[in-house]
Structures are given as C-alpha cells and as structure tokens.
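A structural walkthrough
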Amino acid sequence: MPKMFSTIYNAVISLFKSRNKEKEYMKEKQKERETSLKCAEEIANLGRWEWDYRLNQLILSHEAYRILGIEKEEFNGTYQWLLENLVHKSYKKDMEEAIIKIRDFNEVEKVEFKIIKPDGEESWIRRNGMLLYDEDGNKLKLMGTVQDITDYKETELAIQENLKFLQTLIDTIPNPIFYKDEKMIYRHCNKALIEYLGLKRDEVINHGVYDTYPKELADIYYKADCELMEKKGKQIYEANIPYKDGTYHDVIFNKAVYMNQKEETKGIVGVMVDITERKKAQKKIQRLLKLKDAMAEVTHAVIGTLDIHELFDLILQKAITTMDGGEKGSILLLGKDEQIRIVRSKGYNREEVNKFSVSLQESFVWRKTNGKLDRVVIINDVDKMVDKTALLTEKGLSIKSIISAPITIEEKFYGFLNVDSINNHAFDEEDLEIMEYMRSQIEIAISKHRLYERSIYLSRYDELTNIYNRSYFEELFESYIKKAIRYDESFLLCIFDLNGLKYVNDTYGHLAGDALIKSFATTLKGQIRDSDIFARYGGDEFVGVFFEANEISLTEKFETLIRYFKNHPIIWQENDIICSFSYGFASFPKESNDYNELVKIGDERMYRYKQKIKNKKIQTY
C-alpha cells in the first residue's frame, strides 16, 4: 500500500510540475506574442483599442497611449474623455456622429480626425475598427486601431495645396486648357475653358467631346485625338468652334500626348488659342491695304481723266469690290433742281436707272438720318420700304441692304456713293469704318478732279469766252497741220478782229467791252461745225480753222453774221452796241504750209478788210 501511495503521489507531483511548466511556457509565449505585437504596433505606427459597450470602458494599448500623446494614469477609460480632451473642436461633431452610428446603427467607419495633445502638438489620427458579437448575436465590444497619419496627411495636404496652386495657376491663364484621359474623357480644365464654352464645370469634367460639342464637330475632334494618341507627339491645327454666345470662333489647338514613367499613353493635354480677333485684324489689314491700293488708283486716275464719269466708274468699281457683302452699287448726284439722279450704276436695270429721280428729302439716307448727311449709314430691310426710291437689279431681284456714303464737296452736299446687296444685314461695323475712310478719300479725289478740270480748262480755254485760248489753239494746230500734210487735206485759216472795241471800253466801260467780246465769240461758235477750230487769239482778235469749206461760202456766212449783229445790237445799260468785226483768210496748203506764214497772210487781209470799212465810213457804234 505504501508503495502504491508513493507511486500515485509521485505521479500527481509530476503532473503538477508538468502543468506548471506548461503554464510557464504559455506565459512565455504570451509575453513573446505581446512583445511581437508591440513591436508590430510600433513599426506600423498602430495602436490598439477595445471598447466594452456594457461597461462603457475603453482600453488602449501602450502604443495607442503614445500615439495619442497621453499617459495611462491621466486617462479615465471613457470615450467621452478622449472626445472632450483630445479631439480638435473642428472634428468633435464628426466623432460624435461616428459614435451614434456605432451605437444605433452598428456602422463602423474609418474616420480621420485631428487631435491636440496635452503638450499642444496637433496630429492627424486615423481610427478604424470592427464590432464583435456574442453567441446570441448581441454586440459585445468594438475593437480597432488608431494610427498617426500626420506625415501622410501633411503630404496629402501639400499635394492638395500643390494641386490647388496648379489649378489657380492654370486658371490665371486666359487661354482654355484641358486634359483628357486615354478614354477621351475630360479630367481637368481651367476656368477659361468653362467660360469659353459657357458650361458648368460638372458639364465638362468626366464628359467627352460628344457631350460638349455638336456631333459634326465632335466627330472631327475625336478623330484628331485618336490619330494623336496613335502617333503620339504633338498636334497643331485650326478649327472653328462654337463660343458661349452661340457664335463660332476661330481657334488654334495645341495638343500633346501625356505619357507616364512607363511610357504608357495616359491622355492628351491641350491648349486653345482664340485667333478670331487676330484673323479679323489680319482681314481688316488686308482690306485696308486693298482699299489703299484702290484709292491710290483712284487718285492716280484723277490726273489724266477729263471725264468725271470715267472717275465715277472707277470709284464705283473699287467700292463694290472693297465691300465684302457688296454686289451692286450706284453713284447719285444732286442736281440744281434738288433732285437725286443716278449718274453711274452697276447691276441695275438700265431703263429704271435712266428714269430714276427723287428729291433729297425722299431718299433712304435722308429718312434714315433725319437729314443729317454727315456719316456713312447702313440701311437694312430695304425691300420692305417699297416706294419710288426702290430699284430692281438686272435680274429683277430686290435690294435688301445698303451702305451709303454721303459725299460733301466744298462743304456742300454733292451726292451718294451706295454699295448694295440682295442679302439683308450684309454690312457690319467694320464695313462702316472702311466706307467712312473711302468716303473721305473719294471727296478728296473728286475735289482734286474738279481742280484738275479747272486747271485743264484754264490751260486750254479762254475764261471770258469759253473757247480755246491761243496756246492751246497753236498746240491743236500743230497736230492738225501734220495730219493735213499726211492725208493731203486742205483748210482755211481765218483771222478775226472786232471793230471799235476801244471806243466801247472808253465809252461804256470794260464790262461792256467784255460783253461785246462774249457776244461775238458765242454767236460765231454757234455758226461753225464741231470739227472746226475757233479760238481767242488775244484781246479783240480771234482765229479759226475751217475744214472742207471754201472762201466764198465762208465769206457769205460771215457777211450774213455782220448784218445779223447790225440788226440785233447788244443792250448795255439802255444803250445799243453793235458788234462789228473784220476778217481775213489764208489757204493751206495753197498759200503756205507754215503756221506763222498763214497767220501773217490772214492778218494782212483782215486789215485790208478793216481799212475798206473805214474808207466806206461804216458806222459800227
């Protein structure tokens, strides 16, 4: 028996020791696990916590205390203590809502919030967790982790600040900028693009070109983007795209493929440059250069163009070609009877043009400006103003818009230059500016032409009698005598001299003498053919060249004229003044083919005629 008890005793003792060793081993393993977990927490910068619902007790791990910056002794073990003493005031409400979700809805969410440690340091904390349930499905407790994410958050905030800075930076760029991903979806853009398109940001971002542009344009842009993505590199092209106000603008697209570090295509970055105003300016410059050349041609034509209507033709042609919307046109002048008539036109029915006549007050421009004819005007809806001032084109179409330039010469209204169109609203503000410049140049050209006409007139005509002067007569005679020699032609040269002009001047004054001279010149001019030449030779002397005429017939004509003057005296201040003249012939080439010799012969015969009159004592006054 004793031996058996001894054996049992030894066995119990051995079992007890074995169990103690197992407990020691388990404690050692637990310690190792806790040490490993603590190391893992420190390495991962994670702290553990448990929240017992039933006891409302919050248990924190050593690393959790370190992360939160508090000592174990100062923590009372409640969630409320942490909320009141650590959580930043800006996040208290978020944390309270998170607790309500856990308590009432069993929802555990990852929460990021800011804390203020007892030493005043601010840190960012990420809290995560999960609910544990008992066998009956009741909430048992909540377990989770806390992690100091200050470095991460600061990095994230720095990135956000950088992104905000970059966004602010590109928003200050006036040109629209955008980024599309590899699926052609807009991911980023600046304010300029949003404002340019007249859309909201969320109507562009995360949308494609087919959501942003009309289909016909979207097809073009999508095709261009696909080609760029395929070829990589850059792409520059012009396009006409809709602006926010509904108009279409000319833009230049500058695009480049964006690739990541792995050389993978990740999308397209693009910049739009609106060149509408630039193209308008270029077009305007081209028009101004064209206009400058046109006006230079008009100015050049002033010299050498005696017929003002030839100048009008050129002016009208240049005006129509300079106005982009111009198709027809006319020049209208104000007559002495205060009627406006068309002197030159293009594109109108000639019969209607010839019979067109309207008073100035009835004209479109007068009514449009209330009589203020001091600027260029545009008149639209002309076809609705049906009255006698409306004209039909050569094809019977109605004019719908007019740009009209009133012309003023020497501060007096002169007429209109009109450029017309069968399209309504064919002209714009730029056309007004161009036409206004043209108007000033045309006024200068017409004024110069009038001066030119005057200078030509004075160089060729005698101002008193309105017949050729001596210098121009001699110039013409030079060409006529060469022609006569070449074609074996003949003519008579006749010298005329007024009888008793000195007596008239001394008795009645020089104005009476001028009247006598004008009466003689006008009457004789009316008795000869247009092919003959008649000029004032000087003072009371005149000269004429008569083709296809003989001395007998001319003598008879002049003697008849002398009798006419005798029977029809000039009435000057109630005095009768008889115009009397002497004349003498010289024959070319019978008597001479030299001008001076012919004049000498004619002059001698004229004096013999004058002497004959004196001998007969014929009273001429």
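Our subject is the structure listed above.
This is a predicted model, so every value here is computed, not measured.

Structural notes on the side chain of N190
If you trace the backbone, N190 turns up in the loop between β7 (186–189) and α6 (191–197). Assessed through its relative accessible area of 0%, N190 is described here as buried. Non-local contacts of N190, meaning those with residues more than four positions away in its chain, are made with Q167, I170, D171, I173, N175, P176, I177 and R201.

Remarks on unusual backbone geometry
In this structure, P589 follows F588 across a cis peptide bond, with omega equal to 0 degrees. By the secondary structure assignment, P589 is in the loop between β22 (581–588) and α18 (595–615). Residues other than glycine seldom take positive phi values, yet M184 does so here, at roughly 65 degrees. Relative to the assigned elements, M184 resides in the loop between β6 (177–181) and β7.

As for empty space enclosed by the protein
Taken as a whole and assessed by the stated rule, the structure comprises four cavities of 30 Å³ or more. Considered as a void within the structure, the second largest cavity measures approximately 160 Å³ in volume. Looking at the second largest cavity, it is lined by 13 residues, and the ones nearest its centre are Y79, L82, F113, R127 and V146. If you list the elements that add at least two residues to the lining of the second largest cavity, you get β2 (57–60), α3 (79–85) and β3 (111–116). Each residue belonging to the lining of the second largest cavity can be placed in one class, and the counts come to twelve nonpolar, no polar and one charged.

Here we look at the environment of I241
Secondary-structure assignment places I241 in strand β8 (residues 234–242). On the accessibility criterion, I241 (0% relative accessible area) is buried. Residues in contact with I241, not counting those within four places in the same chain, are Y196, L217, Y221, T247, Y248, H249, V251, F253 and M272.

Details of a nonpolar patch on the surface
Together, I159, L163, F165, L166 and L169 make up a nonpolar patch on the protein surface, roughly 490 Å² of accessible area in all. Here L169 shows up in helix α5 (residues 150–172).

Focus: the nonpolar core
In this structure, I403, L417, M435 and M438 are the most contacted members of the largest nonpolar core, which totals 36 residues. Residue contributions to this core peak at nine residues, all from helix α13 (residues 429–460). Every residue in contact with M435, bar those within four places of it in the chain, is listed here: M323, V376, I403, A405, L417 and V419. Membership of the second largest hydrophobic core comes to 31 residues, among which are L516, F542, L561 and Y583.

Looking at the packing of aromatic side chains
Under the criterion given, the structure shown has 40 aromatic pairs. Residues Y583 and Y609 carry aromatic rings whose centres are separated by 4.7 Å and whose planes lie at 35 degrees to one another, so their mutual orientation is tilted. With Y583 in strand β22 and Y609 in helix α18, this pair connects stretches of sequence that are 26 residues apart. Judged on exposure class, the residue Y583 and its partner Y609 are both buried. Through a chain of ring-to-ring contacts, three or more aromatic side chains come together here, namely F496, F520, F534, F542, F546, F558, Y564, F565, F581, Y583, F585 and Y609. For the cation-ring pair, R470 lies above Y537, with the distance from its terminal atom to the ring centre recorded as 4.1 Å.

Some words on the packing of helix α10 (residues 308–322) against α13
In the contact formed by α10 and α13, the axes pass within 11 Å of each other and the chain directions differ by 170 degrees. Judged on the interaxial angle alone, α13 and α10 are roughly antiparallel. Here α10 and α13 pass one another in a crossing that is right-handed. Residues I308, L311, F312, I315, A319 and T322 of α10 pack against I434, M438, I442, A445, I446, H449 and E453 of α13. For the contact of α10 with α13, the per-class residue count stands at ten nonpolar, two polar and one charged.

Focus: the environment of L333
By the secondary structure assignment, L333 is in strand β11 (residues 328–334). Among the residues examined, L333 registers a relative accessible area of 18% and is labelled buried. Placed 175 residues apart in sequence, L333 and A158 show a C-alpha to C-alpha distance of 77 Å. Sequence-distant contacts of L333, that is, excluding residues within four places in its chain, are made with F312, Q339, I340, R341, V343, Y414 and G415.

Topic: the sheet that holds β11
Here we have six strands laid out as an open sheet, ordered β13-β12-β11-β16-β15-β14, and antiparallel in their pairing. Where the open sheet ends on each side, the last strands, each with one partner, are β13 (358–359) and β14 (377–380). Across two bridges, the pairing between strand β12 (residues 339–346) and β13 is antiparallel. What sits directly across from I340, in β13, is V358. Across the sheet, α10 lies against β11, β12 and β16 (412–421), angled at about 70 degrees from β12, the strand it touches most. Along the sheet, α13 makes contact with β14, β15 (401–409) and β16, crossing β15 at roughly 35 degrees.

Topic: helix α9 (residues 276–302)
In a regular helix each residue adds 1.5 Å, so 27 residues correspond to 39 Å; α9 covers 38 Å between its end C-alpha atoms and thus fits that length. Buried residues of α9: T276, R287, L291, A294, M295, V298, A301 and V302, and no others. Tucked inside the fold, the buried residues of α9 contact β9 (248–259), β10 (265–274), α10 and α13.

So, how was this worked out
Residues numbered from 1 in each chain as written. Predicted model: local features only at pLDDT ≥ 70, side-chain atom pairs only at ≥ 80, totals over all residues. Heavy atoms only, no water. Helix = DSSP H or I, 4+ residues; strand = E, 2+ residues; numbered from the N terminus. Buried < 20%, exposed > 50% of the residue type's maximum accessible area, 1.4 Å probe, protein only. Contact = heavy atoms within 4.5 Å. 1 Å grid on protein atoms, 1.4 Å probe; cavity = no way out; pocket = protein on both sides within 12 Å on 5 of 7 lines; lining within 4 Å. Points joined across faces, edges and corners; volume = space filled by probe spheres on them. Nonpolar A, V, L, I, M, F, W, Y, C, P; charged D, E, K, R; others polar. Patch = residues over 30% accessible without salt bridge, like charges linked within 9 Å, V, L, I, M, F, W, Y side chains within 5 Å. Areas by Shrake-Rupley, 256 points an atom, 1.4 Å probe, with all protein chains shown as cover. Salt bridge = Lys/Arg side-chain N within 4 Å of Asp/Glu carboxyl O. Core = buried A, V, L, I, M, F, W, Y, C linked by side-chain atoms within 4.5 Å. Phe/Tyr/Trp six-rings, centres within 6.5 Å; stacked < 30°, edge-to-face > 60°. Lys NZ or Arg CZ within 6 Å of the ring centre and 35° of its normal. Axes fitted to C-alpha atoms, helices over the stretch in contact; angles between N-to-C directions. Parallel < 35°, antiparallel > 145°, perpendicular 65-115°, else oblique. Left-handed = near helix turned anticlockwise from the far one by under 90°. Pairing = 2+ DSSP bridges. Expected span 1.5 Å × (residues − 1).

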